[in-house]
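Spelled out, the chains give:
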Amino acid sequence: MPEPSFHTIIEPFRIKSVDPIRMTTREERQAKLEAAGYNLFRLHSDDVLVDLLTDSGTGAMSADQWAAVMRGDESYAGSPSYYRFEEAVRSLTGFRHIIPVHQGRAAEKILFGAVAGAGKVVPANHHFDTTRANVEATGAEALDLPCPEAADIAGRHPFKGNLDVERLDELLEGRSADVPLCLVTVTDNTGGGQPVSLENLRQVRSVCQRYGVPLFLDAARFAENAYLVKLREPGQRARSARDIAREVFSLADGATMSAKKDGIANIGGFLALNSDAWAERARQLLILTEGFTTYGGLAGRDLEAVARGLEEVLDEDYLRYRLRSVEYLGEGFRSAGIPIVEPPGGHAIFVDARAMLPHVPPSRLPGQSLACALYSEGGVRSVEVGTVMFGRTDPVTGDQVPAAMDLLRLALPRRVYTQSHVDYVIEVAGHVAERRDRLGGYRIVGEPSALRHFSATYQPVG
Ligand SMILES: *Cc1c(COP(=O)(O)O)cnc(C)c1O
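Residues numbered from 1 in each chain as written. Predicted model: local features only at pLDDT ≥ 70, side-chain atom pairs only at ≥ 80, totals over all residues. Heavy atoms only, no water.

Caption draft 1: Region of the structure containing the site of the ligand. Among the 14 residues in the neighbourhood of the ligand, the closest are listed as Arg105, Asp218, Arg221, Ser258 and Lys261. Gly104 is positioned such that a nitrogen or oxygen atom in its backbone is 2.9 Å from an oxygen atom of the ligand. At 2.7 Å from an oxygen atom of the ligand is found a side-chain nitrogen or oxygen belonging to Arg105. Burial of the ligand by the protein amounts to 97% of the accessible area it has alone, namely 380 Å². The element best represented in the shell around the ligand is helix H4 (residues 104–115), accounting for 3 residues. (Near = heavy atom within 4 Å. Polar contact = N/O pair within 3.5 Å; in protein donor to acceptor, adjacent residues only side chain to side chain. Areas by Shrake-Rupley, 256 points an atom, 1.4 Å probe, with all protein chains shown as cover. Helix = DSSP H or I, 4+ residues; strand = E, 2+ residues; numbered from the N terminus.)

Structural data, given as structure tokens:
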């Protein structure tokens with residue numbers, strides 16, 4: 001008798017400790033929203049029913065991770081927790097130097113502080129927003145070179161996270177002396193959580209090698225990328241996600257990592273690299289702002305949680321469930337007639353707010369309108385990734401200069417919500433979609449000078 005195959009993929013864990021969700025009414029939520037200036041970052045999170053604002057640091061730790069937390073050794077220098085962390089990162093990535101940091105952006109600040117600077121240019125498939133900010137803070141240029149398919153929202157190309165190798169070649173031909181390193185973000189968060197193929201990475205590697213330019217990974221979602229390679233890239237099905245992840249790291253000279261994503265930890269990260277000279281400079285900067293080289297701004301217990309999380313994230317039952325949950329949310333939206341970035345990627349579903357609300361022009365912030373509606377109607381928190389986040393106010397006319405796209409991101413925290421939470425989100429979104437004609441736009445009434453989406457305030461228009 002063959003092994004029966006069932007199509008329902010269950011959460012591969014049981015729940016031993018619960019966090020209650022406080023139910024609210026629409027009237028209460030409307031009042032909270034108004035008091036928050038219609039900015040969902042300004043809400044108290046216990047006024048949210050299902051929180052899909054981000055998958056960063058919001059995952060649930062396992063019993064083994066909590067046990068490891070108790071084993072954490074808080075010695076200032078040379079803690080055994082550091083050596084367990086170092087071993088976990090080195091056996092996964094193979095890099096010579098493993099430098100702990102408190103989160104991904106600290107690794108970025110230290111790396112680019114050591115190697116970038118005025119007159120330099122750092123190419124990438126897409127820089128994540130903190131990565132761009134840290135490259136630019138050194139005076140260097142952050143240059144995005146996404147593959148052409150990345151701009152086609154509804155297209156089903158399997159690897160829209162790929163880097164445009166031809167444009168990289170052109171850049172390096174003219175300016176390789178100005179390029180300290182090339183960065184590949186796996187998966188491509190800014191481009192919709194889209195994966196990068198092994199084939200693309202091998203090509204990027206070979207172009208970089210030809211010009212003597214080091215290749216670095218922004219590895220925040222390396223495990224989700226590895227499993228998407230297994231599922232989508234010809235000839236990769238029989239390999240384990242761990243084996244694919246190891247090959248990806250072996251193609252690079254170093255990596256930055258936010259362990260708040262695929263480290264399944266609430267805080268942590270690392271900078272890992274082979275160059276002795278760069279590691280020496282990075283450690284000096286680390287001591288200046290983060291802490292000694294064996295803790296880097298983390299407690300020993302955090303190092304333990306990350307070490308264990310890096311093992312668990314490559315469990316294939318977990319990865320199958322993880323990617324299926326995202327796909328399931330995407331399928332639900334599609335059947336409700338909600339346009340999404342296709343195909344679903346690794347950690348989130350992105351709704352095409354411009355296509356969904358064609359009567360709300362980009363200058364009236366369609367993504368923000370949808371975010372407010374999902375919260376007031378059903379208590380679901382998401383985040384606008386569009387004109388609020390990447391556009392700007394024209395200083396002369398006061399009008400909004402729109403971003404390239406107006407998207408709404410719903411990111412799934414790791415191991416936190418069950419299928420009925422996801423079903424509920426689909427139902428709320430369907431309810432909002434049926435009433436989409438009644439949704440109006442928003443205007444910004446107060447904004448800070450930088451990273452305005454975190455603290456801006458809004459007013460409904462019309
Ligand atoms: C979150 C993230 C970062 C920054 O990491 P933090 O831990 O938030 O500082 C960098 N790159 C990518 C792709 C990310 O998703």
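More follows now that the structure is in view.
Caption draft 2: Layout of the pairing of strand S2 (residues 97–101). Across the 5 residues that make up S2, a large majority, 5, are buried. Going residue by residue along S2, you find His97, Ile99 and Val101 tucked away on one face and Ile98 and Pro100 tucked away on the opposite face as well. Summarising the sheet, S2 and strand S8 (residues 269–273) pair through 5 bridges and their orientation is antiparallel. Following the sheet pairing, Ile98 is matched in S8 by Ala272. (Buried < 20%, exposed > 50% of the residue type's maximum accessible area, 1.4 Å probe, protein only. Pairing = 2+ DSSP bridges.)

Caption draft 3: The nonpolar core, seen in detail. If you look at the biggest cluster of nonpolar residues, it comprises 58 residues, and the most contacted ones within it are Leu168, Val184, Val204, Leu217 and Phe222. Examining the composition of this core, we find that 6 residues originate from one element, helix H8 (residues 222–232), more than from any other. Both domains that furnish three or more residues to this core are identified here as domain 1 (26–48 + 315–461) and domain 2 (63–312). Excluding its chain neighbours within four sequence positions, the residues that come into contact with Leu168 are Pro123, Leu145, Leu163, Cys182, Val204, Val207 and Cys208. Among the nonpolar cores identified, the runner-up in size contains 45 residues, and Val326, Val351, Val380 and Val388 belong to it. (Core = buried A, V, L, I, M, F, W, Y, C linked by side-chain atoms within 4.5 Å. Domains from an automatic or database assignment. Contact = heavy atoms within 4.5 Å.)

Caption draft 4: Quick peek at the packing of aromatic side chains. By the definition in use, this model includes 12 aromatic pairs. Taking 5.5 Å as the distance between ring centres and 55 degrees as the angle between the ring planes, the aromatic pair formed by Tyr38 and Tyr442 counts as tilted. Taken as a pair, Tyr38 in the loop between helix H1 (26–35) and strand S1 (50–51) and Tyr442 in strand S15 (residues 441–446) lie far apart in primary sequence, 404 residues in all. Accessibility assignment for this pair places Tyr38 and Tyr442 in one class, buried. The interplanar angle of 35 degrees and the centroid separation of 5.9 Å between the aromatic rings of Phe216 and Trp278 together place this pair among those described as tilted. On the criterion of sequence distance, the pair formed by Phe216 in strand S6 (residues 215–218) and Trp278 in helix H10 (residues 276–289) is long-range, its members being 62 residues apart. The exposure class of Phe216 is buried, given its relative accessible area of 1%. For Lys261, the ring lying beneath its charged end belongs to Phe128, and the centroid distance is 5.4 Å. (Phe/Tyr/Trp six-rings, centres within 6.5 Å; stacked < 30°, edge-to-face > 60°. Lys NZ or Arg CZ within 6 Å of the ring centre and 35° of its normal.)

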